[in-house]
Amino acid sequence: MSDVGFVLAGYGVILGGLAMYVLTLLRRLRTARERSLRIRKEADAAPPLPDSGR
């Protein structure tokens, strides 16, 4: 554990993996938000359902 290069490489792998995970989560969140907004717009544009009279 006294090899500085080995320690720095280990930190690089850990932080790189963490950065990739964060980017993946942000991309998935953006996609889900866009899908949610599209569904809301479609629901608002749809004609209202007829009242069943109950």
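Residues numbered from 1 in each chain as written. Predicted model: local features only at pLDDT ≥ 70, side-chain atom pairs only at ≥ 80, totals over all residues. Heavy atoms only, no water.

1. Overview of the overall build of the chain
Now for step 1: When helices and strands are tallied, the chain shows one helix and zero strands.
Now for step 2: Computed over its C-alpha atoms, the radius of gyration of the chain comes to 24 Å, more than 25% above the 10 Å expected for a compact globule of 54 residues.
Now for step 3: Considered along the principal axes of its C-alpha atoms, the chain spans approximately 80 × 20 × 5 Å.
Now for step 4: Split into buried and exposed, the 54 residues of the chain put 0% on the buried side.
Now for step 5: When the accessible surface of the chain is split by element, carbon and sulfur atoms take 65% of a total near 5500 Å². (Helix = DSSP H or I, 4+ residues; strand = E, 2+ residues; numbered from the N terminus. Rg over C-alpha atoms; globule rule 2.2 N^0.38 Å. Buried < 20%, exposed > 50% of the residue type's maximum accessible area, 1.4 Å probe, protein only. Areas by Shrake-Rupley, 256 points an atom, 1.4 Å probe, with all protein chains shown as cover.)

2. Here we look at the environment of alanine 32
Now for step 1: Its location among the elements puts alanine 32 in helix H1 (residues 4-45).
Now for step 2: With 15 residues separating them in the primary sequence, alanine 32 and glycine 17 have C-alpha atoms 23 Å apart.

3. Regarding the pattern of salt bridges
Now for step 1: For the structure on display, the rule yields one salt bridge.
Now for step 2: A salt bridge links arginine 38 to glutamate 42, with the shortest nitrogen-to-oxygen separation between them at 3.5 Å. Taken together, the residues arginine 38 and glutamate 42, both in helix H1 and four residues apart, mark about one turn of the helix.
Now for step 3: For glutamate 42, a relative accessible area of 46% corresponds to the partly exposed category. (Salt bridge = Lys/Arg side-chain N within 4 Å of Asp/Glu carboxyl O.)

4. Focus: a nonpolar patch on the surface
Now for step 1: On the surface, a cluster of nonpolar side chains totalling about 1000 Å² of accessible area is made up of Tyr11, Ile14, Leu15, Leu18, Tyr21, Val22, Leu23, Leu25, Leu26 and Leu29.
Now for step 2: Here leucine 29 lies in helix H1. (Patch = residues over 30% accessible without salt bridge, like charges linked within 9 Å, V, L, I, M, F, W, Y side chains within 5 Å.)

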